[in-house]
Amino acid sequence: MMHRPIGVLDSGVGGISVLRELVALMPNENYIFYGDSYNAPYGTKSLEEVQRLTCAAAEHLVNRGAKALVVACNTATSAAINILRGRYPDIPVIGIEPALKPAVLASAHPRVLVMATPMTLREEKFHQLLEAHRTEAEIVSLPCPGLMEFVERGELQGEALENFLMDLLTEYREHPVDCVVLGCTHYPFVKNTIRKVLGEQVRIFDGGAGTARETRRRLEECGLRNTSAAQGKIWIENSLHAPKTVALCRQLLDFS
Ligand code: DGL
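As the structure is a prediction and not an experimental result, all values here were calculated from the model.

1. Examining the site of the ligand
The ligand sits among 13 residues. The nearest are Ser-11, Tyr-42, Gly-43, Asn-74 and Thr-75. The contact in question runs from an oxygen atom of the ligand to an N or O atom on the backbone of Tyr-42, over 2.6 Å. His-186 places a side-chain nitrogen or oxygen 2.8 Å from a nitrogen atom of the ligand. More than half of the atoms belonging to the ligand lie within 2 Å of the grid points that define the largest cavity. For the shell around the ligand, the class distribution of residues is five nonpolar, seven polar and one charged.

2. A word on unusual backbone geometry
A cis amide bond, omega -5 degrees, links Ala-40 with the succeeding residue Pro-41. Within the fold, Pro-41 resides in the loop between strand E2 (31-35) and helix H2 (47-63). Even without a glycine there, the phi angle at His-109 is positive, about 40 degrees. With respect to the secondary-structure elements, His-109 resides in the loop between helix H4 (100-104) and strand E5 (111-116). Of the residues examined, His-109 reaches a relative accessible area of 49% and is grouped as partly exposed. For His-241, which is not a glycine, the phi torsion comes out positive at approximately 50 degrees. By the element assignment, His-241 lies in the loop between strand E9 (234-238) and helix H12 (243-253).

Rules and cut-offs
Residues numbered from 1 in each chain as written. Predicted model: local features only at pLDDT ≥ 70, side-chain atom pairs only at ≥ 80, totals over all residues. Heavy atoms only, no water. Near = heavy atom within 4 Å. Polar contact = N/O pair within 3.5 Å; in protein donor to acceptor, adjacent residues only side chain to side chain. 1 Å grid on protein atoms, 1.4 Å probe; cavity = no way out; pocket = protein on both sides within 12 Å on 5 of 7 lines; lining within 4 Å. Sits in = over half its atoms within 2 Å of the grid points. Nonpolar A, V, L, I, M, F, W, Y, C, P; charged D, E, K, R; others polar. Helix = DSSP H or I, 4+ residues; strand = E, 2+ residues; numbered from the N terminus. Buried < 20%, exposed > 50% of the residue type's maximum accessible area, 1.4 Å probe, protein only.

As structure tokens, then:
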């Protein structure tokens, strides 16, 4: 059982930002990553649609022998994590949420901008998170439809991306924030341009490393950690079945 892979899923290539943290923390584990780029984006679809797609992706990974599931997508987590936990009570199912906690603790009552998909910001899970931290910071939420598509295309820098972010972030260039929370797993790959647009002083947080630590904790708790000392394998699958998309995932895995 412990040699079986950890299944990691996302609506596309963004979940690689979580996979790279998992690999950094647990290099001896085997991983199977499934990106549903064919159906991306999830963040602008209906709740029912995202629940259906997330369940299908999870089922695929469980059928491929996953010993645990990491939902490396904030949107899919907010839509379907409870359904998945109900369906797979015997394996750890770990989700991701916007890393609001470290951001609000970054300084005294900071102004924090949360960038995420429309669905993540609309769902109950995020409202609970906001409620938990509302007295500690001034929190502003910004839905970013259209941003994940740059990452899906492998467009991680350049004029078009910069112009898109300039428009999207106009308000926060005029009225600066102290911290930015990247509440979508695609966004860490455009972090440099976000910083360029908002200024060097801004502190940027994402939930990848925290999710990796939580995954390790859950695996240990269930006695599922791989004890092999050898470097694990990483399988990458994508619903587009395009070699180009798999190559982009490999490139993102080495992104720094
Ligand atoms: N990567 C997904 C997330 O973390 C969102 C991208 C999408 O809209 O499909 O929310």
